[in-house]
Amino acid sequence: MIVSAGSHIGYISHIGLSFIVLVFALNNLGISLISINIVHLIVSLIGAALIQGSILLISGTINFWAIQGGGTVFGLIWTLRDFVKYPLSIYPVGLQVLLTFVIPLGFISYYPAHSIIGRDDVIFSDILTTMTPVVGIIFFVIALGFWTIGLRHYKSTGS
């Protein structure tokens with residue numbers, strides 16, 4: 001019950017609208033849903049959701065230690081999402097490394113999009129275009145480990 005407390009029926013419309021935009025975009029690119037690997041698309045979406053959830057879990061866990069500053073950390077991490085609205089290839093190499101290997105936000109959109117539309121000009125390695133599900137699982141396991149450490153070292157503020 002607590003897990004779904006923040007859920008809203010309106011989110012279903014977000015999923016529907018996202019699907020319509022995806023179909024529209026693929027159609028404009030000349031790619032039909034029949035020609036793409038639907039299984040790859042679905043597991044990439046699941047992997048991307050795991051990455052997103054992991055980032056939320058890690059930033060929430062930081063609140064165990066940063067009682068007053070946790071919101072700032074959350075805001076900084078969440079702001080990084082704005083970088084992946086654009087292709088990672090336009091950024092300096094250091095930022096590309098950060099958004100691929102440290103905070104793997106590039107696996108939410110950049111790498112799966114290259115795989116789906118068949119582009120081969122991906123940064124670092126073409127194999128990364130299929131790694132979103134794997135990265136999602138690995139990052140989620142890391143986030144759960146971080147959460148477990150946070151729980152063991154939690155000290156109440158008394159309020």
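Preceding this paragraph is the structure being described.
First, a word on scope: everything that follows refers to the structure included in this document. This is a predicted model, so every value here is computed, not measured.

**Some points on a nonpolar patch on the surface**
Item 1. A cluster of nonpolar side chains, Leu17, Phe19, Ile20, Val21 and Val23, forms an exposed patch at the surface whose accessible area comes to about 470 Å².
Item 2. You can see Ile20 is positioned in helix α1 (residues 11-28).

**Re the side chain of Thr129**
Item 1. If you trace the backbone, Thr129 turns up in the loop between α5 (110-117) and α6 (132-152).
Item 2. Other than its neighbours up to four places away in sequence, Thr129 contacts His40, Tyr111, Pro112, His114, Ser115 and Val122.

**A look at the layout of surface pockets**
Empty space among the atoms can be located by rolling a probe the size of a water molecule over them.
Item 1. Considered as a void within the structure, the largest pocket measures approximately 870 Å³ in volume.
Item 2. In terms of lining residues, the largest pocket is bounded by 29 residues, among which Leu22, Leu45, Ile108, Ser109 and Ala113 are the most central.
Item 3. When contributions to the lining of the largest pocket are tallied by element, the ones reaching two or more residues are α1, α2 (38-61) and α5.
Item 4. Top contributing element to the lining of the largest pocket by residue count: α1, with seven residues.

What counts, and at which threshold
- Residues numbered from 1 in each chain as written.
- Predicted model: local features only at pLDDT ≥ 70, side-chain atom pairs only at ≥ 80, totals over all residues.
- Heavy atoms only, no water.
- Patch = residues over 30% accessible without salt bridge, like charges linked within 9 Å, V, L, I, M, F, W, Y side chains within 5 Å.
- Areas by Shrake-Rupley, 256 points an atom, 1.4 Å probe, with all protein chains shown as cover.
- Salt bridge = Lys/Arg side-chain N within 4 Å of Asp/Glu carboxyl O.
- Helix = DSSP H or I, 4+ residues; strand = E, 2+ residues; numbered from the N terminus.
- Contact = heavy atoms within 4.5 Å.
- 1 Å grid on protein atoms, 1.4 Å probe; cavity = no way out; pocket = protein on both sides within 12 Å on 5 of 7 lines; lining within 4 Å.
- Points joined across faces, edges and corners; volume = space filled by probe spheres on them.

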